[in-house]
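Chain by chain, the residues run as shown.
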Amino acid sequence: QVQLVESGGGLVQPGGSLRLSCAASGGIFSIYVMDWYRQAPGKQRELVARISSAGTTDYTDSVKGRFTISRDNLKNTVFLQMNSLKPEDTGVYYCHAIISSGPLPPLRQYWGQGTQVTVSS
């Protein structure tokens, strides 16, 4: 059973930094895309950053230049380094991944349980 476990959230002052981690485990053959989403109170969940298996990255405009997504393919782990944090970055951050459990389809998508990030003075 594939699981995604996030860590690294917390309370930080504006301008501060946090590093989120998400480790995938359990019956993994290959991990394709790994993403970070966030959901602010009263808002829809939005894609923050994405990284392909080849390392190609993409970011939503509001975090470009401040956030960096990376992955360790040997450890099946994705990271999100968040710098220059702003109050509008507050929300629950979710790890998401598209994973195969064998050499043949299907691919399935999995979500972590979420980790709270609060940016406040």
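Throughout, a residue's number is its position along its own chain's written sequence, starting from 1. Where totals are concerned, whole chains, interfaces and linings use all residues; where local detail is concerned, this predicted model gives features only for residues with pLDDT of at least 70, and gives and counts side-chain atom pairs only at 80 or more. The basis for every side-chain value is the complete set of non-hydrogen atoms in the structure, without hydrogens or water.

Novice: What is the right way to read the state of the cysteines from this model?
Specialist: Simply put, the disulfide is a covalent bond whose two ends are the sulfur atoms of two cysteines. When two cysteine sulfur atoms are found within 2.5 Å, that pair is recorded as a disulfide. As enumerated under the stated definition, the model contains one disulfide in all. Here cysteine 22 is linked by a disulfide to cysteine 95, with a sulfur-sulfur distance of 2.1 Å. Given an S-S torsion of about -80°, the disulfide between cysteine 22 and cysteine 95 has left-handed geometry. Placement of the pair is cysteine 22 in strand S3 (residues 18-25) and cysteine 95 in strand S9 (residues 91-100), with a sequence separation of 73 residues. A helix here means a DSSP run of H or I that spans at least four residues, while a strand means a run of E at least two residues long, and both kinds are numbered starting from the N terminus.

Novice: I'm lost on the side chain of aspartate 35 in this one. Help?
Specialist: Tracing the sequence through the fold places aspartate 35 in strand S4 (residues 30-39). For each residue, the accessible area found with a 1.4 Å probe, counting protein chains only, is set against the maximum for its type, and the residue is called buried under 20%, exposed over 50%, and partly exposed in between. For aspartate 35, a relative accessible area of 0% puts it in the buried group. Residues adjacent in sequence count toward polar contacts only when both atoms are side-chain atoms; beyond that, a polar contact is any pair of N or O atoms within 3.5 Å, and within protein one must be able to donate a hydrogen and the other to accept it. Polar contacts involving the side chain of aspartate 35 include one to the side chain of arginine 50, which spans 2.7 Å. Only 2.6 Å separates the side chain of aspartate 35 from the side chain of histidine 96, close enough to count as a polar contact.

Novice: Is there a simple way to explain the layout of surface pockets in this structure?
Specialist: Rolling a probe over the atoms, with the probe sized like a water molecule, indicates the empty space that remains. What the largest pocket holds in volume is close to 150 Å³. Buriedness for pockets is judged along seven lines, at least five of which must meet protein on both sides within 12 Å for an open set on the 1 Å grid over protein atoms alone, while cavities are sets there where a 1.4 Å probe fits but cannot get out, and lining residues have an atom within 4 Å of a point. Surrounding the largest pocket, Arg38, Gln39, Ala40, Lys43, Gln44, Glu46, Ser62, Arg66, Lys86, Glu88 and Asp89 form its lining. Grid points are joined across faces, edges and corners, and a volume is the space filled by probe spheres set on the points.

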